[in-house]
Amino acid sequence: MSLIPDDVIEQVREAADIVGIIGEHVELKRTGSDFRAPCPFHGGTHRNFAVIPRKGMYYCFVCHAGGDVFTFFMKKLGMDYPTAVREVARRVGITIPERGPTGPDPREPLYSAVAAAADWFARQLLANPEAQVARDYVTTRHLDLETVQPLGLGYAPKSKALLDAMKGLGVRDEVLLEAGLLARREDGTLTPRFRGRLLFPIHDLRARVVGFGGRILGEGEPKYLNSPDTPIFHKGKLLYNLHVAKHAMRKAERAILVEGYFDVLRVSLAGIEEVVAPLGTGLTAEQAQLVKRHAPHVILLYDSDEPGLRATFRAGDELLREGLRVSVATLPAGEDPDTLVQRKGAAGLEEILKDAVDVLERKIQILDRKGFFGTLPGRRRALDRLLPTIRAATDPITRELYLSRAAEAAGVRKDVLEREVTISGKGKGERGPGSTIPPSPFPIPQLPASAEKALLLLLLEGEPWKSRVTEAVDPEELEFPPYRAVFESVADDAVLALDDTSARAYEQLRAEGLGARDPNEMYDLAVNWMEARRLERQLERLDDQLPFESPERQASLIAEKRRVFDELRKRYPRYKIAKRRRGAPGT
């Protein structure tokens, strides 16, 4: 039998959800940060059996049975150790690259090539005269080379010196290309992917360098460039600094999520080690699952400007879907974690973290500050912004608390809001409490012609249209899922995170462009239509509410419905015709 490498066993153990796996065999109930149940080994009736997720172990205080997730399978199901490891690996989706008769990991040349390149880049930062611009930049960020050297930062020269260096080490161009270190031009020649950039090495959970994030020094686009997806690097499935932070996250029972590489460095160097960041894109479901394996609580520490808030709440919803507790720490205006720690140190940051509030509460604070709860239409729009976060909460108790708090803030009955959450969540790919089925891709190859499309075409034109569109329309109002995904990704500058369907929609929209159409006319018509759709949705909600109300309340709702309908006819006279003809939202 071939052997399973020790580092792979550790990877499987790290990835395993011990609470979920043991919970399939016993009924676990949370007690503080642990979970308790009657012992499945000695047949007890009291909850003396504890599962301790932060330590990845279980223990019975009566029969003293204890161990990790592999030991549980061995004792409960009679497996030997290799079979238990394989069973857990199968459940968490890890392929075991067994050595021995089956041979080495076929990806090993890629790991070796990236490791060799990382070492070479690091030496360039220290000694290459061309890298003086990078050394000066590090100094302007109030860091010194002695501090960043152990972190593996490097510099990619503008020349093709990387090719010669790797050739001298015996690394073939084909391997460098597959590892994402080289790019092939249209004429077929190969060139280094990273040139004139300060490089941040990105590690997997086993602390192997698998890719890089590169910051341009001087003029050029994009500002940050990541390695492309390769057999060993998938940016939507990794978090920067997780290989170091995971142990601190377990100890602190929290994760701090920031936006940038320098934010991670500054916070971790200040002694707050449980800090990670996405790789230049919006937080993905896979990244949220990574966080969940190591901490039950996440504090979002993003910038407090409008783009930062949009990214904050998108990440918060993704984390809530994984059942995590999510808080938002608010930085002073104009500050980011890097600058705050420079000025006030770890103690100043801890004060900010201590004052973090729940993600829904933070949304309510912002909406209240903007005056949304001061008028009836404003309350309706406020609820439209709160609903995605309420629906994202898969933990039943959290969702119940969110419903109560949102109803209180907006001055509506909780049962009415609960029906709204249920109705508006149907058919939108939302994952309900306890659901394990991911949302299915939207199977529509033909994009609808619509007001939503017009807004996206304007959004893709850049400023000033991007600001005008994002101020006039919220992503939640777009009913065609690929369009909504494109809207959010463009607004957050995270188009690389789009799934296949949405990416195709994005490419088609980019290819179409505005053409000879008048952007001002398009904008006015599209925004007018979106406002009409808001009123139409209000009518639909009134229709849904009517059967459940008393006769007196029904009379009031009918009057309200008549008022909304009259307003809709004024704004959009051909409303009835359009509604009958509409084949896709907003067409």
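Worth saying up front: this structure is predicted, and the values here are computed from it rather than measured.

S.K.: Hey, could you run me through the overall build of the protein in this one?
M.R.: What the protein contains, in helices and strands, is 25 helices and 16 strands. A sequence separation of at least 24 residues applies to 63% of the contacts in the protein between residues at least 6 apart. For the protein, the computed accessible surface area is about 28,200 Å², with 52% contributed by carbon and sulfur atoms.

S.K.: Help me understand the pairing of strand β2 (residues 34-37) in this model?
M.R.: Regular strands place side chains that alternate from one sheet face to the opposite one. Judged from the three bridges that link them, strand β1 (residues 29-31) and β2 form a sheet pairing that is antiparallel. Bridging from a neighbouring strand, K29 pairs with R36 of β2. Sheet topology places β2 next to strand β3 (residues 49-52); three bridges connect them, and they run antiparallel. Bridge pairing links R36 to A50 in β3.

S.K.: What am I meant to see in the sheet that holds strand β13 (residues 275-276) here?
M.R.: For sheets, the rule is that strands pair by backbone hydrogen bonds, running either parallel or antiparallel. Across the sheet, five strands lie side by side as β13-β12-β14-β15-β16; this open sheet has mixed pairing. The open sheet terminates on both sides in strands that have one partner only, identified here as β13 and β16 (357-358). The pairing of strand β12 (residues 255-257) with strand β14 (residues 297-300) spans three bridges and is parallel. Note on β14: the bridge partner recorded for L257 is L300.

S.K.: Just to check I follow, could you spell out the pattern of salt bridges for this structure?
M.R.: Across all of its chains, the model carries 29 salt bridges by this definition. Between R90 and E87 there is a salt bridge, with its nearest N and O atoms 2.6 Å apart. Of this pair, R90 and E87 are both found in helix α4 (residues 81-92), three residues apart, which corresponds to roughly one turn of the helix. Its relative accessible area of 56% is what places R90 among the exposed residues. In this structure, E306 and K370 form a salt bridge, with 3.3 Å as the shortest nitrogen-oxygen distance. Of this pair, E306 sits in helix α13 (residues 306-321) while K370 sits in the loop between α15 (359-369) and α16 (376-392), placing them 64 residues apart in sequence.

S.K.: Where do I start with the environment of V175 in this structure?
M.R.: Relative to the assigned elements, V175 resides in helix α9 (residues 173-178). Using a relative accessible area of 9% as the deciding quantity, one classes V175 as buried. Through-space distance from the C-alpha of V175 to that of Y111 is 9.9 Å; in sequence the pair is 64 residues apart. Once residues within four sequence positions are removed from consideration, V175 is found in contact with P109, L110 and A113.

S.K.: I'm lost on the packing of helix α19 (residues 451-459) against helix α23 (residues 519-545) in this one. Help?
M.R.: The axes of two packed helices give the description: the angle between them and the distance between them. Remark: α19 packs on α23, axes separated minimally by 9 Å, with the N-to-C direction vectors making an angle of 135 degrees. Comparing their axes, α23 and α19 come out oblique. For the element pair α19 and α23, the recorded crossing hand is left-handed. Facing A451, E452, A454, L455, L457 and L458 of α19, the residues of α23 in contact are P519, M522, Y523, A526, V527, W529 and M530.

S.K.: What am I meant to see in the packing of helix α3 (residues 69-77) against α4 here?
M.R.: Where α3 meets α4, the closest approach of the two axes is 9 Å, and the angle between their N-to-C directions is 115 degrees. The interaxial crossing formed by α3 with α4 has right-handed handedness. Contact residues: α3 offers V69, F70, F73 and M74, while α4 offers Y81, A84, V85, E87, V88 and R91.

S.K.: Could you clarify how one ought to interpret the sheet that holds strand β9 (residues 197-203) in this entry?
M.R.: Here we have four strands laid out as an open sheet, ordered β6-β9-β10-β11, and antiparallel in their pairing. Each edge of the open sheet is held by one strand with a lone partner, namely β6 (154-156) and β11 (224-226). The average angle at which neighbouring strand axes cross in this sheet is 35 degrees, direction not considered. Each of β6, β9 and β10 (209-216) is contacted by helix α5 (residues 108-127), which is oriented at about 35 degrees to β10, the strand it contacts most.

S.K.: Any chance you could explain the packing of aromatic side chains here in plain terms?
M.R.: Geometrically, a pair of aromatic rings is defined through the distance of the ring centres and the angle of the planes. Inspection of every chain in the model, using the stated rule, returns 17 aromatic pairs. Considering the side-chain rings of F41 and F72, the 5.8 Å spacing of their centres and the 65 degrees angle between planes classify their relative orientation as edge-to-face. Of the two residues, F41 is situated in the loop between β2 and β3 and F72 in helix α3; the sequence distance between them amounts to 31 residues. A network of ring pairs unites the aromatic residues Y137, F200, Y224, Y240, Y261 and F262 as a single cluster. Over the face of the ring belonging to F262 we find R141, whose NZ or CZ atom lies 4.1 Å from the ring centre.

S.K.: Mind showing me how you'd approach the nonpolar core here?
M.R.: Grouped together as the largest cluster of nonpolar side chains are 64 residues, with contacts concentrated most on F121, L198, F212, Y240 and L301. Top element by residues in this core is α5. It accounts for ten residues. Core analysis: the second largest hydrophobic core is formed by 47 residues, A245, V291, Y302 and F313 among them.

S.K.: I would appreciate a short explanation of unusual backbone geometry in the present structure.
M.R.: Only a minority of non-glycine residues have a phi that is not negative, and only a minority of peptide bonds are not trans. With an omega dihedral of 5 degrees, the bond running from E463 to P464 counts as a cis peptide bond. Structurally, P464 can be placed in the loop between α19 and α20 (465-472). At H142, a residue that is not glycine, the phi angle is positive and equals roughly 65 degrees. Checked against the element boundaries, H142 lands in the loop between α6 (132-140) and α7 (145-148).

What counts and how
- Residues numbered from 1 in each chain as written.
- Predicted model: local features only at pLDDT ≥ 70, side-chain atom pairs only at ≥ 80, totals over all residues.
- Heavy atoms only, no water.
- Helix = DSSP H or I, 4+ residues; strand = E, 2+ residues; numbered from the N terminus.
- Contact = heavy atoms within 4.5 Å.
- Areas by Shrake-Rupley, 256 points an atom, 1.4 Å probe, with all protein chains shown as cover.
- Pairing = 2+ DSSP bridges.
- Salt bridge = Lys/Arg side-chain N within 4 Å of Asp/Glu carboxyl O.
- Buried < 20%, exposed > 50% of the residue type's maximum accessible area, 1.4 Å probe, protein only.
- Axes fitted to C-alpha atoms, helices over the stretch in contact; angles between N-to-C directions.
- Parallel < 35°, antiparallel > 145°, perpendicular 65-115°, else oblique.
- Left-handed = near helix turned anticlockwise from the far one by under 90°.
- Phe/Tyr/Trp six-rings, centres within 6.5 Å; stacked < 30°, edge-to-face > 60°.
- Lys NZ or Arg CZ within 6 Å of the ring centre and 35° of its normal.
- Core = buried A, V, L, I, M, F, W, Y, C linked by side-chain atoms within 4.5 Å.

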